[in-house]
Amino acid sequence: MLTRLKAKSEGELAKQICRVVLDHFDKQYSKELGDPWNTVRDILTSPSLWQYAVLLNRFGYHFELEKDLHLKGYRRLFQGSLPYYPKSMKCYLSGTPDRMASEKHQVGNLKKYYLLNAASLLPVLALELRDGEKVLDLCAAPGGKSVSLLQCAWPGFLHCNEYDSLRWRRLRQTLESFVPQPLRNVIKVSELDGREIGDAQPETFDKVLVDAPCSNDRSWLFSSDTQKATCRIHQRRNLPVLQLELLRSAIKALCPGGLLVYSTCTLSKAENQDVINEVLNSCSNIVPVDLREIAKNCSQDFTFAPTGQECGLLVIPEKGKAWGPMYVAKLKKLHSMKKL
Ligand SMILES: C[S@@+](CC[C@H](N)C(=O)[O-])C[C@H]1O[C@@H](n2cnc3c(N)ncnc32)[C@H](O)[C@@H]1O
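Residues numbered from 1 in each chain as written. Predicted model: local features only at pLDDT ≥ 70, side-chain atom pairs only at ≥ 80, totals over all residues. Heavy atoms only, no water.

By the naming in an unreviewed UniProt entry, the protein chain is tRNA (Cytosine(34)-C(5))-methyltransferase, mitochondrial isoform X2, taken from Heterocephalus glaber. The annotation that UniProt attaches to the protein chain under Subcellular location (unreviewed entry) is "Mitochondrion". We quote the UniProt Sequence similarities (unreviewed entry) comment for the protein chain here in full: "Belongs to the class I-like SAM-binding methyltransferase superfamily. RsmB/NOP family." (UniProt positions renumbered as here; feature names shortened; annotations may be inferred.)

Written out as structure tokens, the structure reads:
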């Protein structure tokens with residue numbers, strides 16, 4: 001039987017930390033991260049310290065909302081600090097763990113904002129989406145990154161895919177809630193195994209985002225079913241195989257010269273750096289793209305752990321900057337494999 005620790009938050013009494021997951025993470029992450037794991041552990045196990053950024057929906061009116069956020073002490077994230085930062089993307093942060101209420105889905109009404117972990121904007125920004133480009137969001141549900149991509153530019157075509165049918169329905173609802181009809185006309189939502197899209201649509205997209213299924217460190221720590229949690233830990237070692245297959249499919253779907261961003265919300269080296277190193281070692285038409293400039297320019301808002309890679313960043317949560325875990329890697333496809 002598993003012992004359960006109570007989450008430290010007063011307001012989160014329903015959340016219980018799963019001891020078996022915590023022990024497993026302690027073993028792995030104290031080895032992989034060293035001392036910083038103690039701070040990260042404190043944040044991950046204390047939902048009262050978690051922060052939620054507010055991403056405004058550029059398709060909904062938000063002048064009053066912005067005024068309100070300023071009054072509450074929120075400030076704009078990334079203002080002018082990144083090489084690529086579209087003016088149309090507006091994300092607000094509070095220095096304290098304040099959480100705005102989520103808006104209810106109402107048919108015919110666009111939502112004004114999306115609550116998210118601010119680090120999840122990094123993979124979206126790394127993709128540098130421009131108007132008119134064809135983009136694939138390979139693992140898209142519940143849709144946070146698709147919505148964020150649409151704050152950056154008006155793509156020529158956006159293909160959002162999700163394999164799990166329940167989550168696919170949520171994805172559709174998210175897009176309905178945030179995207180106006182004219183823009184929905186350039187969006188396709190599919191329910192496919194992402195591993196098959198590369199063969200079905202070779203060399204189709206200018207940009208591909210692989211926000212991969214991973215061991216989601218935050219949610220795994222609060223698994224309420226201990227048997228399920230134990231089973232997940234055993235199956236964890238299979239995730240890199242799935243992640244690699246998704247990446248290989250994404251590479252096929254990418255046009256020569258196109259950009260690929262891979263992200264996860266785990267600290268696990270096996271699912272992050274090792275997966276990307278394997279792609280770089282096995283695909284001669286793929287090269288790393290340096291992300292260190294992004295890390296340098298947003299070190300005020302995010303804490304990064306060393307990854308040993310120029311093309312890979314790992315955001316780790318810290319008190320007052322409780323964003324992440326989020327790993328982001330950026331790759332470029334040089335040419336088609338057919339030419340080799
Ligand atoms: C990290 S989540 C994506 C989160 C999403 N990008 C967002 O920002 O809201 C990973 C998703 O991949 C989906 N998934 C798992 N296996 C897949 C596969 N073979 N093909 C496509 N999607 C898959 C999962 O169901 C899950 O919804």
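Still more ground to cover, so stick around.
(A) Local environment of the overall build of the protein chain. Tallying secondary structure elements over the protein chain gives 13 helices and 15 strands in all. For a compact globule of 340 residues, the expected C-alpha radius of gyration is about 20 Å, and the protein chain comes in at 19 Å, within 12% of that figure. Projecting the C-alpha coordinates of the protein chain onto the three principal axes gives extents of approximately 55 × 50 × 40 Å. Burial status across the protein chain gives 52% buried among its 340 residues. Taking all contacts inside the protein chain whose residues are at least 6 apart in sequence as the whole, residues at least 24 apart take part in 73%. Within the structure as shown, the protein chain displays about 15,600 Å² of accessible surface, and the carbon and sulfur contribution to it stands at 51%. Mean positive and mean negative side-chain charge positions of the protein chain (47 and 37 charges, respectively) differ by 2 Å. (Helix = DSSP H or I, 4+ residues; strand = E, 2+ residues; numbered from the N terminus. Rg over C-alpha atoms; globule rule 2.2 N^0.38 Å. Buried < 20%, exposed > 50% of the residue type's maximum accessible area, 1.4 Å probe, protein only. Contact = heavy atoms within 4.5 Å. Areas by Shrake-Rupley, 256 points an atom, 1.4 Å probe, with all protein chains shown as cover. Lys, Arg positive; Asp, Glu negative; His and termini not counted. Charge placed at Lys NZ, Arg CZ, Asp CG, Glu CD.)

(B) Representation of helix α2 (residues 36–44) in the model. Listing the buried residues of α2 in full gives Trp37, Val40, Ile43 and Leu44. Looking straight down α2, one finds its buried side chains confined to an arc of 125 degrees; they lie on one side. Its buried side turned inward, α2 meets α1 (19–33) and α9 (217–221). (Arc of directions from axis to C-beta.)

(C) Examining the UniProt feature "active site" (unreviewed entry) in the protein chain more closely. The UniProt feature table records "active site" (unreviewed entry) at Cys265. Positionally, Cys265 belongs in the loop between β11 (254–264) and α12 (273–282). Relative accessible area serves as the criterion here: at 24%, Cys265 is assigned to the partly exposed category. Other than its neighbours up to four places away in sequence, Cys265 contacts Cys214, Ser215, Asn216, Asp217, Pro325 and Met326.

(D) Representation of the layout of surface pockets in the model. The space that makes up the second largest pocket amounts to roughly 240 Å³. Contributing to the lining of the second largest pocket are 13 residues, with Arg248, Ile251, Lys252, Asn285 and Met337 lying nearest its centre. A total of 3 residues in the lining of the second largest pocket trace back to one element, the largest contributor, which is helix α11 (residues 239–253). Its residues placed into classes, the lining of the second largest pocket shows 4 nonpolar, 4 polar and 5 charged. (1 Å grid on protein atoms, 1.4 Å probe; cavity = no way out; pocket = protein on both sides within 12 Å on 5 of 7 lines; lining within 4 Å. Points joined across faces, edges and corners; volume = space filled by probe spheres on them. Nonpolar A, V, L, I, M, F, W, Y, C, P; charged D, E, K, R; others polar.)

(E) Summary view of the environment of Arg232. Along the polypeptide, Arg232 turns up in helix α10 (residues 226–235). Look at Arg232 and you get partly exposed, because its relative accessible area is 32%. When the C-alpha atoms of Arg232 and Gln106 are compared, they prove to be 35 Å apart, with 126 residues separating the residues in sequence. Excluding residues that lie within four positions of it along the chain, Arg232 makes contacts with Trp220 and Ser223.

(F) Inspection of the UniProt feature "binding site: S-adenosyl-L-methionine" (unreviewed entry) in the protein chain at higher detail. In the numbering adopted here, UniProt assigns the feature "binding site: S-adenosyl-L-methionine" (unreviewed entry) to Cys139, Ala140, Ala141, Pro142, Gly143, Gly144, Lys145, Glu162, Asp193 and Asp211. Judged by its relative accessible area of 1%, Gly143 falls in the buried class. Here Gly143 is in contact with Tyr114, Leu171 and Thr174, once residues within four sequence places are set aside. Along the chain, Glu162 falls in the loop between β8 (157–161) and α6 (165–178). Judged by its relative accessible area of 9%, Glu162 is buried.

(G) Focus on the nonpolar core. In terms of nonpolar packing, the biggest core is built from 49 residues, with Phe78, Leu121, Leu125 and Phe302 touching the most fellow members. When residues of this core are assigned to their parent elements, the largest contribution, 5 residues, is made by helix α4 (residues 121–126). Among all residues touching Phe302, those that are not within four sequence positions of it are Leu77, Phe78, Ala118, Ala119, Leu122, Val315, Lys321 and Trp323. (Core = buried A, V, L, I, M, F, W, Y, C linked by side-chain atoms within 4.5 Å.)

(H) Seen up close, the site of the ligand. For the ligand, the set of nearby residues contains 21 residues, the closest of which are Gly144, Glu162, Arg167, Gly194 and Asp211. Here an oxygen atom of the ligand and a side-chain polar atom of Glu162 are 2.6 Å apart. A distance of 2.9 Å separates a nitrogen atom of the ligand from a polar atom in the side chain of Asp193. When isolated, the ligand has an accessible area of 610 Å², and the protein chains bury 86% of it. (Near = heavy atom within 4 Å. Polar contact = N/O pair within 3.5 Å; in protein donor to acceptor, adjacent residues only side chain to side chain.)

(I) The confidence of the model for the protein chain, seen in detail. Averaged over every residue, the pLDDT of the protein chain is 93; residues scoring 70 or more account for 95%. Of all helices and strands in the protein chain, the one with the weakest mean pLDDT is strand β1 (residues 4–6) (43), whereas strand β7 (residues 134–137) scores best (99). This model gives residues 1–13 a pLDDT under 50, and the stretch forms 31 contacts once residues within four places in sequence are excluded. (pLDDT = per-residue confidence, 0-100.)

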